[in-house]
Amino acid sequence: MYKFITTICISMVGVVCIAQPNDRLSKSIDSLVAPQFQGNQPGVSILIAKKGQVVYQKAFGSASIELNVPLRPEMVFDLGSITKQFTAVAILQLVEQGKIALSDSIQQYIKDFPPKGHTITIENLLTHTSGIPDYMQLDTGDPYAERKDFTPKAIIDLFKTLPLQFEPGTRFSYSNSGYFLLGYVIAQVSGENYYKYVQDHILIPLGLSHTFFNHPNEIIPGHVSGYKKDGDQYKKADYWSATLPYAAGDLVSNTADLFKWHEALYTGKVLKKETLDKAFAPFILKDGTSAGYGYGWYTTVYNDVASLGHGGAITGFLTNEIYYPGEDVYVAILCNCECIAKDELSLAIASIALGKPLRPDLKISETVLNGYTGTYAMLPDQKRIMVIARGGDHLVANLKGQGNFEILFQSETAFSFKGIAGANARFVVENGKASSFIVEQNGKFEWKKVK
């Protein structure tokens, strides 16, 4: 029998309904999270909403280790790549106004961007299918480049002449460059700079009063400090110039504003429904497979539960916001340390909120596990190597350069990697042993057993 929940509705730009706490849910989340964030250490801010009502909103840990200031739910965190949703919506607003088309070539708006022998469209930038290398991964030869301030055009000049990694539309490869370019396009089309456009057409109209751009030297009320961990010691996060993320990751916000943003999208305050539906639909690559990403939203399925969302990672901060439309459950978590396993924490919190495990971990016989061990290489070039070995009663995958990941089984062949969000996989078995495995994560990738 469902417990009746009364609500208090606060009138703002829209209506935000805050439910009285659900005792069972609160106790379950508290018992999961509180032991992980005890004492004066970085922490997490969490919001859960069901059917448009906030049913859980708490913060754990410290906003400032130096000052021993506890985190509070209203405090704001660097969002990182959740910013991409706002950039995507700004582009789609201009599409609805007829000022730009998804099929337009980027050269229409950035005249000196080399065509590279292919048409690179606005849609390619939105869906990470452009083939343009990620500027965040470039080695400029300057060990202090992240500390310097750049104009948007100066950043674009760093990567515009690099060759494409693949033909546009044929592969998904997450690239901050695409969204950086979209910010520049918004400025060219609207006649306003990117920051002003988003502020005037999204943040202010929606009453997102705790959402800001992280401009250099500006004081942001309630802005928490970001940290990293070195061994057993917490340290201040590395300094990055706030000019680097731009339209790919420069916003700061809190969980309440992220939920208001979510509600505004679904109530038609930002885009038409047909436009939003297209943003949520995964892009289909030229070979007919799904990219697993729309326009600023990942589309994933865990244990037959579909979700839409985006995460963020920026120096000192990790973030996640996920919506489960079939169940009408929304979860946002914001962390102020690079050391927190935010994907696992998000899935654990969502599993409690949904009342269903999103990552079941079945026990598999030793004989079957032994048939899966070995060295695998990703096709077609076989340059990326993964070694799968026994780790007690389970398997551990070692991905060169990225560390170890425990394998969680959903069936005798289907599995996922603990700590890697959105990666669904299955072993291909021949004569009782694996010959390969297939990973679906923003595209389909085959890893062949080579040893």
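See the structure shown above.
None of the values given here were measured: they were computed from a predicted structure.

Moving on, we get to the pattern of salt bridges. In the structure shown here, the tally under the stated rule is 15 salt bridges. Among the salt bridges present, the one from E74 reaches R72, with a minimum N-O distance of 2.6 Å. Between D393 and K363 there is a salt bridge whose closest N-O contact spans 3.8 Å. Here D393 is found in the loop between strand 17 (385–391) and strand 18 (394–399), whereas its partner K363 is found in the loop between helix 9 (342–354) and helix 10 (366–372), with 30 residues between them in sequence. Among the charged side chains, a salt-bridge network with shared partners connects D112, K153, D157 and K160.

This part takes up the sheet that holds strand 8 (residues 212–213). Reading across from one edge, 7-11-8 is the order of the three strands in this open sheet, with antiparallel pairing throughout. Since the sheet does not close on itself, it has two edges, and those belong to strand 7 (77–78) and strand 8, each with one partner. As defined by bridge partners, strand 8 adjoins strand 11 (residues 251–253) across two bridges and the pair is classed as antiparallel. Note on strand 11: the bridge partner recorded for F212 is V252.

Next up on the list: the environment of F417. One can find F417 in strand 20 (residues 414–417). Owing to a relative accessible area of 4%, F417 belongs among the buried residues under this scheme.

Overall, the coordinates contain one disulfide when judged by the stated rule. Through a disulfide, C337 is tied to C339; the S-S separation comes to 2.3 Å. Residues C337 and C339 are joined through a disulfide that is right-handed, its torsion about the S-S bond being 130°. We note that C335 lacks a disulfide partner, and the nearest cysteine sulfur, in C339, lies 8.6 Å from it. Residue C335 is classed as buried on the basis of its relative accessible area, which comes to 0%.

What follows is about the nonpolar core. Residues F113, I122, L126, I132, L181, I202 and W261 are the most contacted members of the largest nonpolar core, which totals 79 residues. Counting residues per element, this core draws most heavily on helix 5 (residues 176–190), which supplies eight residues. Ranked by size, the runner-up nonpolar core spans 30 residues in total, among them V44, I46, I48 and V331.

The next point concerns the side chain of T129. By the secondary structure assignment, T129 is in the loop between helix 3 (122–126) and helix 4 (152–159). Residue classification places T129 among the buried residues on the basis of a relative accessible area of 0%. A distance of 2.8 Å separates polar atoms of two side chains, one belonging to T129 and the other to T127. The residues contacting T129, other than those within four sequence positions of it, are E123, N124, F166, P168, G169, R171, F172, F283 and L285.

So, on to the pairing of strand 17. Judged from the four bridges that link them, strand 16 (residues 374–378) and strand 17 form a sheet pairing that is antiparallel. Looking at strand 17, one finds that A377 is bridged to I385. Pairing analysis gives six bridges linking strand 17 to strand 18, with the strands arranged antiparallel. Along strand 18, the bridge assignment pairs M386 with L399. Taking the residues that link successive antiparallel strands as the turn, the strand 17-strand 18 hairpin has two residues, and the phi of G392 there is positive, at about 75°.

Examined bridge by bridge, strand 21 (residues 424–430) and strand 22 (residues 433–440) share seven bridges and lie antiparallel to one another. Of the residues in strand 22, the one forming a bridge with F427 is F437. From the end of strand 21 to the start of strand 22, which pair antiparallel, there are two residues, and N431 there has a positive phi angle of about 55°.

Moving on to helix 1 (residues 23–33). Taken as a whole, helix 1 has its buried residues at L25, S26, I29, D30 and V33. Taken end-on, helix 1 shows its buried residues confined to a sector of 125°, consistent with a single buried face. Exposed residues lying more than 90 degrees from the buried face of helix 1 are R24, K27 and S31.

Cut-offs used in this document
- Residues numbered from 1 in each chain as written.
- Predicted model: local features only at pLDDT ≥ 70, side-chain atom pairs only at ≥ 80, totals over all residues.
- Heavy atoms only, no water.
- Salt bridge = Lys/Arg side-chain N within 4 Å of Asp/Glu carboxyl O.
- Helix = DSSP H or I, 4+ residues; strand = E, 2+ residues; numbered from the N terminus.
- Pairing = 2+ DSSP bridges.
- Buried < 20%, exposed > 50% of the residue type's maximum accessible area, 1.4 Å probe, protein only.
- Disulfide = S-S within 2.5 Å.
- Core = buried A, V, L, I, M, F, W, Y, C linked by side-chain atoms within 4.5 Å.
- Polar contact = N/O pair within 3.5 Å; in protein donor to acceptor, adjacent residues only side chain to side chain.
- Contact = heavy atoms within 4.5 Å.
- Arc of directions from axis to C-beta.

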